[in-house]
Amino acid sequence: MDIAAFCTESRVLVVAGKGGVGKTTTSAALALLAARHGLSVLLVELEGRPALAAAFGERGPLDYDDVVLYDEASGLVRGRWITPDDALLEYLGDHGFRRVSRRLVSAGVIDVVSTAIPGIRDVLVLGKVKQLERGDAADLVIVDAPATGHAVTFLTSASGLLDAARGGPIRTQAAEVLEMLNDPTRCRVMLVTLPEEMPVSETIEAAYRLEDQAGVQLGPVVVNCVENSGAGLFTPAAEAAEAAGVHLGVDELATLEASREFALHRYDLQASQIERLARELPLPQLQVPAIAAATIGPAELGQIAGALGAGI
């Protein structure tokens, strides 16, 4: 499939996954991939962590105002951090309460309101995303969503609020957010997982909950850190050493053989979880190979973007 077409199937792409599976890196890599194929991308961060900016070689965390993360002739990536407080400030300002809005937020009014109206924080943020989607912010808005447990609540908040609010601007905002989430040309969700039992189980559960409760369109599942089997895994250490003309001692051969068996066992476990994911969640998969790096910077991000592009 054409990569630019894939990246513009919807105006908003929400990337979600269990903590530690690489959803932030995946968000950044998808943004880079889209920009390399001629698109302008706005990356939205919701948790104020520096990893998103660091992947592009910039210092973070991001701010509410746009920051350019990648700017080449092919395309552009900008990033921003959206918080409920900032979204509320802007919402109040747009509705004629600019002079008192900051005082209301600093006085903790949003905390009182969020206690009285569950889901309002998430709807405020999604309302801002909806505004960006409707405007000319970018060809594609990528949202680095909270970890899976909160992401389900995050994406179902509008539905719950719509049921609770009988009228007024809150109900209108929730209805408009829900309209965006339910339209696959405007929004879809990509889940990220590792090829391990717990992340795969959580991904399968989250996928069905999101479809049933939020009514969102699910895109391909990104399977991160997939080990490459490599021809060496299937050749015993003694045979490999002999074929290479290398003479090793008994202890050295035993260590290498134990390492080979461990890697082969890990590969088999990953393969079984990838097969289970495909069986229990019939969605396309985009597999990203494991990268031996302590942190993700521009070079590693380029490799991951390349792997996603190849999968697409």
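Definitions and limits used
- Residues numbered from 1 in each chain as written.
- Predicted model: local features only at pLDDT ≥ 70, side-chain atom pairs only at ≥ 80, totals over all residues.
- Heavy atoms only, no water.
- Helix = DSSP H or I, 4+ residues; strand = E, 2+ residues; numbered from the N terminus.
- Buried < 20%, exposed > 50% of the residue type's maximum accessible area, 1.4 Å probe, protein only.
- Contact = heavy atoms within 4.5 Å.
- Areas by Shrake-Rupley, 256 points an atom, 1.4 Å probe, with all protein chains shown as cover.
- Salt bridge = Lys/Arg side-chain N within 4 Å of Asp/Glu carboxyl O.
- Expected span 1.5 Å × (residues − 1).
- Arc of directions from axis to C-beta.
- Pairing = 2+ DSSP bridges.
- Polar contact = N/O pair within 3.5 Å; in protein donor to acceptor, adjacent residues only side chain to side chain.
- Axes fitted to C-alpha atoms, helices over the stretch in contact; angles between N-to-C directions.
- Parallel < 35°, antiparallel > 145°, perpendicular 65-115°, else oblique.
- Left-handed = near helix turned anticlockwise from the far one by under 90°.
- Phe/Tyr/Trp six-rings, centres within 6.5 Å; stacked < 30°, edge-to-face > 60°.
- Lys NZ or Arg CZ within 6 Å of the ring centre and 35° of its normal.
- Core = buried A, V, L, I, M, F, W, Y, C linked by side-chain atoms within 4.5 Å.

Peer 1: Explanation requested: the overall build of the protein in the structure shown.
Peer 2: The secondary structure content of the protein amounts to 13 helices and nine strands. Every one of the 312 residues in the protein was classed for burial, and the buried ones make up 47%. Residue pairs at least 24 apart in sequence account for 75% of intrachain contacts in the protein once pairs closer than 6 positions are excluded. When the accessible area of the protein is evaluated, it comes to approximately 14,900 Å², of which 54% is carbon and sulfur surface.

Peer 1: Which parts of the structure should I look at to understand the pattern of salt bridges?
Peer 2: Two side chains bearing opposite charge may form a pair once their charged atoms approach each other closely. Counted according to the given criterion, the structure contains 14 salt bridges. With a shortest N-O distance of 3.6 Å, Asp66 and Arg80 are connected by a salt bridge. Taken together, the positions of Asp66 in the loop between helix H3 (51-55) and strand E3 (67-71) and Arg80 in strand E4 (residues 76-81) put the pair 14 residues apart, joining distant regions of the chain. Residue classification places Arg80 among the buried residues on the basis of a relative accessible area of 8%. The closest approach of N and O atoms between Arg276 and Glu280, which form a salt bridge, is 3.8 Å. Here Arg276 and its partner Glu280 are both found in helix H12 (residues 250-280), four residues apart, which amounts to about one turn of the helix. Beyond isolated ion pairs, a larger network of salt bridges with shared partners links Glu275, Arg276, Arg279 and Glu280.

Peer 1: Is there a simple way to explain helix H10 (residues 197-214) in this structure?
Peer 2: For an α-helix the count is 3.6 residues per turn, leaving residues at separations of three or four pointing the same way. Spanning 18 residues, H10 covers 25 Å between terminal C-alpha atoms, matching the ideal 26 Å at 1.5 Å per step. Of the positions making up H10, those classed as buried are Pro199, Val200, Thr203, Ile204, Ala206, Ala207, Leu210 and Ala214. All buried residues of H10 fall inside an arc of 170 degrees around its axis, so they share one side. Projecting away from the buried face of H10 at angles above 90 degrees are the exposed residues Glu197, Met198 and Asp212. In the stretch just after H10, Gly215 is the one whose phi turns positive, near 70 degrees.

Peer 1: How should I be thinking about the pairing of strand E5 (residues 140-147) in this particular structure?
Peer 2: On a regular strand, each side chain points to the face opposite its neighbour's, so the side chains alternate between the two faces of the sheet. Counting buried positions along E5 gives seven out of eight residues, so the element sits mostly inside the fold. With five bridges joining them, strand E1 (residues 12-17) and E5 adopt parallel strand pairing. By the bridge assignment, Val15 is partnered in E5 with Asp144. As paired elements, strand E2 (residues 40-45) and E5 share five bridges and run parallel to each other. Bridge assignment links Val44 to a residue of E5, and that residue is Val143.

Peer 1: Help me out: how do you make sense of helix H9 (residues 168-181) in this one?
Peer 2: Along its 14 residues, H9 runs 20 Å from first to last C-alpha, staying within 8% of the 20 Å computed at 1.5 Å per residue. Every buried residue of H9 is listed here: Gln173, Ala174, Val177, Leu178, Met180 and Leu181. Along the axis of H9, the buried residues cluster in a sector spanning 155 degrees; they form a single face.

Peer 1: Would you explain the environment of Glu300 in this entry?
Peer 2: Relative to the helices and strands, Glu300 resides in helix H13 (residues 298-311). The class of Glu300 is buried, set by a relative accessible area of 19%. The residues contacting Glu300, other than those within four sequence positions of it, are Ile291, Ala293 and Thr295. A polar contact of 2.9 Å, which involves the side chain of Glu300, links it to the backbone nitrogen of Gly297.

Peer 1: Mind showing me how you'd approach the packing of helix H7 (residues 120-134) against H9 here?
Peer 2: When two helices pack together, their arrangement is given by the angle between the helix axes and the distance between those axes. Where H7 contacts H9, the axes come no closer than 9 Å and their chain directions differ by 60 degrees. Here H7 is positioned oblique relative to H9, judged by the angle of their axes. Considering the relative orientation of H7 and H9, their crossing is left-handed. Together, Ile120, Val123, Leu126, Gly127, Val129, Lys130, Glu133 and Arg134 of H7 and Ile170, Gln173, Ala174, Glu176, Val177 and Met180 of H9 make up the contact between the two elements.

Peer 1: Explain the packing of aromatic side chains to me, please; I cannot follow it from the model alone.
Peer 2: The geometry of two aromatic rings is summed up by the distance between their centres and the angle between their planes. Inspection of the entire model under this criterion finds zero aromatic pairs. When the ring centre of Tyr64 is taken as reference, the NZ or CZ atom of Arg80 above it lies at 4.6 Å. The positively charged end of Arg188 is found above the aromatic ring belonging to Phe6, 4.6 Å away from the centroid.

Peer 1: In this structure, what is going on with the nonpolar core? I would like to understand it.
Peer 2: Generally speaking, nonpolar side chains in soluble globular proteins are found buried as a group. Counting 51 residues, the largest nonpolar core has Val12, Val14, Val44, Val143, Leu155, Val189 and Leu210 as its most contacted members. Ignoring sequence-local partners within four residues, the contact set of Val14 consists of Val143, Ala145, Leu155, Cys187, Arg188, Val189 and Met190. Counting 38 residues, the second-largest nonpolar core is a separate cluster that includes Ala35, Ala55, Leu301 and Ile312.

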